[in-house]
Amino acid sequence: MKPKKIVYYDDALNDEFSGTNINKKPLPDNYKYVNKNIFYRAFAWFFYYLIALPILFFVMKFVFHYKVKGNKRIKGIMNCSCFFYGNHTSVKDALIAQTLVSRGKRTYIVTNQDTTSIKGIRWLVTLLGCIPTPETPAQRNQFVSAIKYRVKQHCGIAIFPEAHIWPYSTHIRPFGDASFVYPSELGSPVVAMCTTYRQRKIFKNKPPLPTVHVSKPYFPNMQLSLPERKAELRQKVYDFLLDCASSEENVEYIAYVKRKKDKE
């Protein structure tokens, strides 16, 4: 299948093509990353498990037609915390770990502050499990504390190390190992989840449909130094994502081409 569209990029690390055009509003330094109020926690549990999760699962499976392969591989780690790492090809990625991969485990999503800048729904994305990345030292302390708190609760945490959305991208962009510091320090297993795109059987001119491939759990080698642990986990996740994305079944609907710079 020939790509339907070509998109030119300049910087594989920083270019963004989500098209959301959100006017980002920085969080206050006193933003509450973890709300321990008993009434809030009870409502959050009720909203997440009895309202949001059933509805979003139905939408992901039967409206957007997501398929999942390999989910049984992580059955044995559902009683402990784990970190999910995925490629970033859709605004719907944030829901993949929660609705399709985590097998019902309460899962939080690390996002940038665009997510909490959407007028009128900050409370909603917070209830759904959004953990916005910090932009000040005060926020960073609260962010790290929130990650550790959720790990102690045996929750899942989803991270998208590519950071920026490239819709329908069929290749894996480079990313570093900074986001792997948390499982490396805390000894939590890591799971890779790669979204690829399959050709439709009918209506072939429409965009292809998503398939999520789930890796086996990767455990940090606590005998190694922290930098070595981070690098090893990052490489295992990157290799899995690269292997899945390079499959011939991954349909290129949008081709991303690096823009040639004019010769000076």
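Residues numbered from 1 in each chain as written. Predicted model: local features only at pLDDT ≥ 70, side-chain atom pairs only at ≥ 80, totals over all residues. Heavy atoms only, no water.

*Asks:* Describe unusual backbone geometry, and please don't skip the residues or the numbers.
*Replies:* Excluding glycine, most residues fall at negative phi; most peptide bonds, likewise, are trans. Its identity as a non-glycine residue notwithstanding, His65 has a phi of 60°, on the positive side. Its location among the elements puts His65 in the loop between helix 1 (38-63) and strand 2 (67-69). (Helix = DSSP H or I, 4+ residues; strand = E, 2+ residues; numbered from the N terminus.)

*Asks:* Explain helix 6 (residues 226-245) to me, and be specific about the residues and the numbers.
*Replies:* In this model, helix 6 (20 residues) spans 28 Å end to end at C-alpha, consistent with the 28 Å of a helix rising 1.5 Å per residue. When we look at burial in helix 6, the residues that qualify are Arg229, Lys230, Leu233, Arg234, Val237, Tyr238, Phe240, Leu241, Cys244 and Ala245. The arc that holds the buried residues of helix 6, viewed along the axis, is 160°, so those residues lie on one side. The outward face of helix 6, more than 90 degrees from its buried face, is lined by the exposed residues Pro227 and Asp243. For helix 6, the secondary structure elements touched by its buried residues are strand 3 (82-86), helix 5 (181-186), strand 7 (190-198) and strand 8 (209-214). (Expected span 1.5 Å × (residues − 1). Buried < 20%, exposed > 50% of the residue type's maximum accessible area, 1.4 Å probe, protein only. Arc of directions from axis to C-beta. Contact = heavy atoms within 4.5 Å.)

*Asks:* Tell me about the layout of surface pockets, and name the residues and values.
*Replies:* Looking at the largest pocket, its volume works out to about 1,200 Å³. As for the largest pocket, its lining consists of 47 residues, and the residues nearest its centre are His88, Val110, Thr111, Asn112 and Thr115. Among the residues forming the lining of the largest pocket, the class breakdown is 25 nonpolar, 15 polar and seven charged. Of the voids in this model, the second largest pocket is the one considered here, and its volume is about 390 Å³. For the second largest pocket, the lining is made up of 21 residues, of which Arg41, Ala44, Arg106, Tyr108 and Arg150 are closest to its centre. Elements represented by at least two residues in the lining of the second largest pocket include exactly helix 1, helix 3 (122-128), strand 5 (130-132) and helix 4 (137-152). No other element matches helix 1, which puts five residues into the lining of the second largest pocket. Looking at the lining of the second largest pocket residue by residue, the classes come out as 12 nonpolar, four polar and five charged. (1 Å grid on protein atoms, 1.4 Å probe; cavity = no way out; pocket = protein on both sides within 12 Å on 5 of 7 lines; lining within 4 Å. Points joined across faces, edges and corners; volume = space filled by probe spheres on them. Nonpolar A, V, L, I, M, F, W, Y, C, P; charged D, E, K, R; others polar.)

*Asks:* Outline a positive patch on the surface, supporting the account with residue identities and numerical values.
*Replies:* A surface patch of positive charge is lined by Lys36, Arg41, Lys148 and Lys152. Secondary-structure assignment places Lys152 in helix 4. (Patch = residues over 30% accessible without salt bridge, like charges linked within 9 Å, V, L, I, M, F, W, Y side chains within 5 Å. Areas by Shrake-Rupley, 256 points an atom, 1.4 Å probe, with all protein chains shown as cover. Salt bridge = Lys/Arg side-chain N within 4 Å of Asp/Glu carboxyl O. Lys, Arg positive; Asp, Glu negative; His and termini not counted. Charge placed at Lys NZ, Arg CZ, Asp CG, Glu CD.)

*Asks:* So what's going on with the pattern of salt bridges? Residues and values would help.
*Replies:* All told, the structure shown has three salt bridges when counted by the stated rule. A salt bridge links Asp10 to Arg259; its shortest N-O distance comes to 2.9 Å. A residue pair is termed long-range when its members are at least 10 positions apart, and Asp10 in the loop between strand 1 (5-9) and helix 1 and Arg259 in the segment after strand 9 (254-258) qualify at 249 residues. Its relative accessible area of 41% is what places Arg259 among the partly exposed residues.

*Asks:* For the sheet that holds strand 6 (residues 156-159), give the residues involved together with the corresponding values.
*Replies:* Strand order in this open sheet of seven strands is 2-8-7-3-6-4-5, and the pairing throughout is mixed. Since the sheet does not close on itself, it has two edges, and those belong to strand 2 and strand 5, each with one partner. Averaged over all neighbouring strand pairs, the angle between strand axes comes to 25°, with direction disregarded. The pairing of strand 4 (residues 107-111) with strand 6 spans three bridges and is classified as parallel. Directly across from Tyr108, in strand 6, lies its bridge partner Ile157. In the packing of helix 6 onto the sheet, the strands contacted are strand 3, strand 7 and strand 8, and the crossing angle to strand 7 comes to about 15°. (Pairing = 2+ DSSP bridges. Axes fitted to C-alpha atoms, helices over the stretch in contact; angles between N-to-C directions.)

*Asks:* Which residues make up the side chain of Ser90, and what are the values?
*Replies:* The residue Ser90 is located in the loop between strand 3 and helix 2 (96-101) in this model. Within the structure, Ser90 has its side chain in polar contact with the backbone nitrogen of Lys92 (distance 3.0 Å). Dropping the residues within four chain positions of it, Ser90 is found in contact with Tyr66, Ile165 and Tyr197. (Polar contact = N/O pair within 3.5 Å; in protein donor to acceptor, adjacent residues only side chain to side chain.)

*Asks:* Describe in detail the packing of aromatic side chains, supporting the description with residues and values.
*Replies:* The tally for this structure, following the rule as stated, stands at 16 aromatic pairs. Ring centres 5.3 Å apart and planes at 45° place the aromatic pair Phe58 and Phe62 in the tilted group. With Phe58 and Phe62 both in helix 1 and four residues apart, the pair spans about one turn of that helix. Among the aromatic side chains, those forming a connected cluster through ring pairs are Tyr9, Phe17, Trp166 and Tyr256. The ring centre of Tyr48 lies 3.7 Å from the NZ or CZ of Arg106, which sits over that ring. The ring of Phe203 has Lys206 lying over it, and the distance from NZ or CZ to the ring centre is 5.0 Å. (Phe/Tyr/Trp six-rings, centres within 6.5 Å; stacked < 30°, edge-to-face > 60°. Lys NZ or Arg CZ within 6 Å of the ring centre and 35° of its normal.)

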